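# Summary of structural features
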Amino acid sequence: MPKAYSSAVIPAPVEAVWDLVSDFNGLPSWHPAITDSKLTAGASAAEIGAVRDLTLGDGGRVVERLVSLDNDEHTYSYVFVESPFPVRSYYSTIRLAPVTAGDQTFAEWTGLYDSEAADEEAMTSLFANGVYAAGLAALVKHFTNG
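Residues numbered from 1 in each chain as written. Predicted model: local features only at pLDDT ≥ 70, side-chain atom pairs only at ≥ 80, totals over all residues. Heavy atoms only, no water.

### Considerations on the overall build of the chain
In terms of helices and strands, the chain carries two helices and seven strands. The order of α-helices and β-strands along the chain, N terminus first, is β-α-β-β-β-β-β-β-α. Over its C-alpha trace the chain gives a radius of gyration of 15 Å, about what one expects of a compact globule, namely 15 Å for 146 residues. For the chain, the residues scored as buried account for 43% of the 146 residues in total. (Helix = DSSP H or I, 4+ residues; strand = E, 2+ residues; numbered from the N terminus. Rg over C-alpha atoms; globule rule 2.2 N^0.38 Å. Buried < 20%, exposed > 50% of the residue type's maximum accessible area, 1.4 Å probe, protein only.)

Set out below in structure tokens:
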């Protein structure tokens, strides 16, 4: 099963980053590739089973379900319900940890999925760079520019 991965150090305390990132319906407020998010299932964005319907910058849609959320460990995971990408069994996790040498946050975003062999390299690059790294870079910029 292919794995896409990206990480970054964000110049802000883990609690501040988690306040922003943990809102399962809040991606448009910090991720440059997401223009809109609507919660379509679940009483709140913090409820396991919540479903968000994302609109991408190119007009595409991705529907995702929250499958785990741990506020103490600063991590959550989600799966694709619908997507325009040629992948199956997509499972992604965002995890934050305090950097003990300063008031910063180590963030990592991973995704596991299955696809046809011909799509594997392109999908790994798309998720690692176009989604995860782009989102983490936006968080760095958000907390740098205050």
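### Here we look at the nonpolar core
Counting residues in each nonpolar core, the largest one holds 37 residues, and the members touching the most others are Tyr76, Phe85, Val87, Tyr90, Phe127 and Leu139. Those elements giving two or more residues to this core turn out to be β1 (3-10), α1 (14-21), β3 (51-56), β4 (61-70), β5 (75-82), β6 (88-99), β7 (104-114) and α2 (117-145). Counting residues per element, this core draws most heavily on α2, at seven residues. Sequence-distant contacts of tyrosine 76, that is, excluding residues within four places in its chain, are made with Trp18, Val21, Ser22, Phe24, Arg52, Leu66, Ser68, Leu69, Ser92, Thr93 and Ile94. (Core = buried A, V, L, I, M, F, W, Y, C linked by side-chain atoms within 4.5 Å. Contact = heavy atoms within 4.5 Å.)

### A closer look at the environment of methionine 123
Tracing the chain through its elements places methionine 123 in helix α2. You can call methionine 123 buried: its relative accessible area is 10%. Along the primary structure methionine 123 and serine 6 are separated by 117 residues, whereas in three dimensions their C-alpha atoms are 14 Å apart. The contacts of methionine 123, once residues within four sequence positions are left out, are Phe85, Pro86, Val87 and Tyr113.

### Looking at the packing of α1 against α2
One can describe the packing of α1 onto α2 by two numbers: an axis separation of 12 Å at closest approach and a directional angle of 120°. What the angle tells us is that α1 and α2 run oblique. Crossing of α1 over α2 shows right-handed handedness. Across the interface between the two elements, Ala16, Val17, Leu20 and Val21 from α1 touch Leu139, His142 and Phe143 from α2. When the residues that make up the contact of α1 with α2 are grouped by side-chain class, the tally is six nonpolar, one polar and no charged. (Axes fitted to C-alpha atoms, helices over the stretch in contact; angles between N-to-C directions. Parallel < 35°, antiparallel > 145°, perpendicular 65-115°, else oblique. Left-handed = near helix turned anticlockwise from the far one by under 90°. Nonpolar A, V, L, I, M, F, W, Y, C, P; charged D, E, K, R; others polar.)

### Some remarks on the packing of aromatic side chains
Where two aromatic rings form a pair, the distance of their centres and the angle of their planes describe that pair. Scanning the model with the defined rule gives 14 aromatic pairs in all. Ring plane angle 85° and centroid distance 5.9 Å describe the contact between phenylalanine 24 and tyrosine 76, whose orientation is recorded as edge-to-face. Of this pair, phenylalanine 24 sits in the loop between α1 and β2 (34-41) while tyrosine 76 sits in strand β5, and the two are 52 residues apart along the sequence. Residue classification places tyrosine 76 among the buried residues on the basis of a relative accessible area of 1%. A ring pair is formed by phenylalanine 85 and phenylalanine 127, whose centres lie 5.5 Å apart and whose planes are at 85°; its orientation type is edge-to-face. Of this pair, phenylalanine 85 sits in the loop between β5 and β6 while phenylalanine 127 sits in helix α2, and the two are 42 residues apart along the sequence. Judged by relative accessible area, which is 2%, phenylalanine 127 ranks as buried. Three or more aromatic residues joined by ring pairs make a cluster, and in this case those are Trp18, Phe24, Trp30, Tyr76, Tyr78, Phe80, Phe85, Tyr90, Trp109, Tyr113, Phe127 and Tyr132. The side chain of arginine 52 reaches across the aromatic face of phenylalanine 24, ending 3.8 Å from its centre. (Phe/Tyr/Trp six-rings, centres within 6.5 Å; stacked < 30°, edge-to-face > 60°. Lys NZ or Arg CZ within 6 Å of the ring centre and 35° of its normal.)

### Description of the pairing of β7
For β1 and β7, the ladder comprises eight bridges, and the chain directions are antiparallel. Its bridge partner lying in β7, alanine 4 is registered against glycine 111. Bridge analysis of β6 against β7 gives ten bridges, and the strand direction is antiparallel. Within β7, the position partnered with leucine 96 by the bridge is alanine 107. Where β6 folds back on β7, the antiparallel hairpin that results is connected by four residues. (Pairing = 2+ DSSP bridges.)

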